[in-house]
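Here are the chains, one letter per residue:
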Amino acid sequence: MNTAMITEVLTGGVAFAIPLLLAATGESISGRAGVLNLSMEGMMLTGAFAGVLASVSTGSAVLGAVAGIVAGLIFGLAQALLSVRLRADQIVVGVAANALALGLTTFGARILLDAGKGQSVPAFADVRIPVLSELPIIGPAVFGQTLLGYFCLAVIAALAVIFSRRTMPGIRIDAVGEDATSAGWTGLAVNRIRVAGVLIASAAGGLAGAHLALSEVRSFSENMTAGMGYLAVVAVIAGRWKVSGILWAALFFGVARAMQFALPAIGVNIPYAVLVMLPYLIAIVAVSGFVGGRKAPSCLTVPYVGRV
């Protein structure tokens, strides 16, 4: 594999990793608060659909990105109501929400994005940073993003810093996720913190979906996320619930997906179905016990029965 091919694989891997990392960062905040946000797949898909619909309707990719965030937040409100306030089973809610999102976006695309509207979308153009984008291998991959891509990277960094385990918001989230009852006795509003965690995750998921649709694919198709939301959950687990680990897990999954197109190009004859399964096969290995790591929050998926 020559330098040009390595650059192409890394560029494709980073393009896939950015929305995955953004969704996983939001997912980690929700999970640390005790809510397994398994509906991330639906949030991303809804954000992608709303982003494309708004972009087509208004002619503005920026408004499309905003619509993706809003759609994710609306999705998150429903998730928070069911999982936190009504204390429904978080896994069942997540699976059902993903199925609902797939059905609604498929129906909506056929009704509202017919006649090719979903394939001709005002989108974000690549913005190459002078000098840095010319660096070998990493230059085009990291410094050749769209404005929305750079914004997503900034959001990821901001979330990582604000909700670090050394900041007060991060400490409160960890307290709620590790021992909700004790946290409630100390005066923390457990359910409010959990709702906030879900909303942060949903906004990140909606923005991740909008980025995928408006910066990378630049169109909308049925089930276009194709399991990325689930991979975001896996990235959190494989990354040992740490920012650095999640970063490497997301990049690893991104490169694995990019290899779908690189391997045939260099003459490696592997059935296409196997290449499509490659990121998910690696994900199974990552969470099957071969990758040791930090234990999940003790109160993950455990409902809190206190008053706040």
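Counting restarts for each chain: residues are numbered from 1 in the order of the written sequence. Only residues with pLDDT of 70 or above have their local features reported here, since the model is predicted, and side-chain atom pairs are shown and tallied only from 80 upward, although totals for entire chains, interfaces and linings are computed over all residues. Calculation of side-chain values draws on the structure's entire complement of heavy atoms; hydrogens and water are dropped beforehand.

1. A short note on the nonpolar core
1) Next: Nonpolar cores are built from buried Ala, Val, Leu, Ile, Met, Phe, Trp, Tyr and Cys residues. Side-chain atoms within 4.5 Å join them into one set. Think of it in three bands: residues with accessible area under 20% of the maximum for their type are buried, residues over 50% are exposed, and the middle band is partly exposed, with areas taken using a 1.4 Å probe on protein chains only. Leu20 and Phe220 are the most contacted members of the largest nonpolar core, which totals 53 residues.
2) Next: Those elements that place two or more of their residues in this core are α1 (3-32), α2 (40-58), α3 (61-85), α4 (90-112), α6 (147-162), α9 (190-217), α10 (228-238) and α11 (243-265).
3) Next: In this structure, Leu159, Phe163, Val176 and Ile193 belong to the second largest nonpolar core, which totals 13 residues. Helix numbers and strand numbers start at the N terminus; a helix is a DSSP run of H or I with at least 4 residues, a strand a run of E with at least 2.

2. Structural notes on α2
1) Next: Helix length check: α2 (19 residues) gives 26 Å between terminal C-alpha atoms against 27 Å at 1.5 Å per residue, within 8%.
2) Next: Where burial is concerned, most of α2 is hidden: 15 out of the 19 residues are buried. One less than the number of residues in a helix, times 1.5 Å, gives the span that helix is expected to have.

3. Looking at a nonpolar patch on the surface
1) Next: Together, Ile6, Leu132, Leu135, Ile137, Ile138 and Val142 make up a nonpolar patch on the protein surface, roughly 400 Å² of accessible area in all.
2) Next: Of note, Val142 is situated in helix α5 (residues 138-142).
3) Next: On the basis of relative accessible area, Val142 is assigned to the partly exposed category, the value being 34%. Like-charged residues within 9 Å of one another, or nonpolar side chains (Val, Leu, Ile, Met, Phe, Trp, Tyr) within 5 Å, are grouped into patches, provided each residue has over 30% relative accessible area and no salt bridge. In short, Shrake-Rupley with a 1.4 Å probe defines the accessible areas, and a residue's cover is counted only from the protein chains shown. Criterion for a salt bridge: a side-chain nitrogen of Lys or Arg within 4 Å of a carboxyl oxygen of Asp or Glu.

4. With respect to the environment of Gly149
1) Next: Within the secondary structure, Gly149 is located in helix α6.
2) Next: C-alpha of Gly149 to C-alpha of His211: the two residues are 62 residues apart in sequence and 6.9 Å apart in space.
3) Next: Here a residue-residue contact requires only that any non-hydrogen atoms of the pair lie within 4.5 Å. When residues no more than four places from it in sequence are discounted, the contact partners of Gly149 are Ile18, His211 and Ser215.

5. Quick word on α6
1) Next: With 16 residues, α6 extends 22 Å between its outermost C-alpha atoms, agreeing within 8% with the 22 Å of an ideal straight helix rising 1.5 Å per residue.
2) Next: Listed in full, the buried residues belonging to α6 are Leu148, Gly149, Cys152, Ile156, Leu159 and Ala160. In an axial view of α6, the angular spread of the buried residues amounts to 120°, which keeps them on one side of the axis. Of the exposed residues in α6, the ones pointing more than 90 degrees away from its buried face are Leu147 and Val161. Regarding the arc, it is the one traced by the directions from the helix axis to the C-beta atoms.

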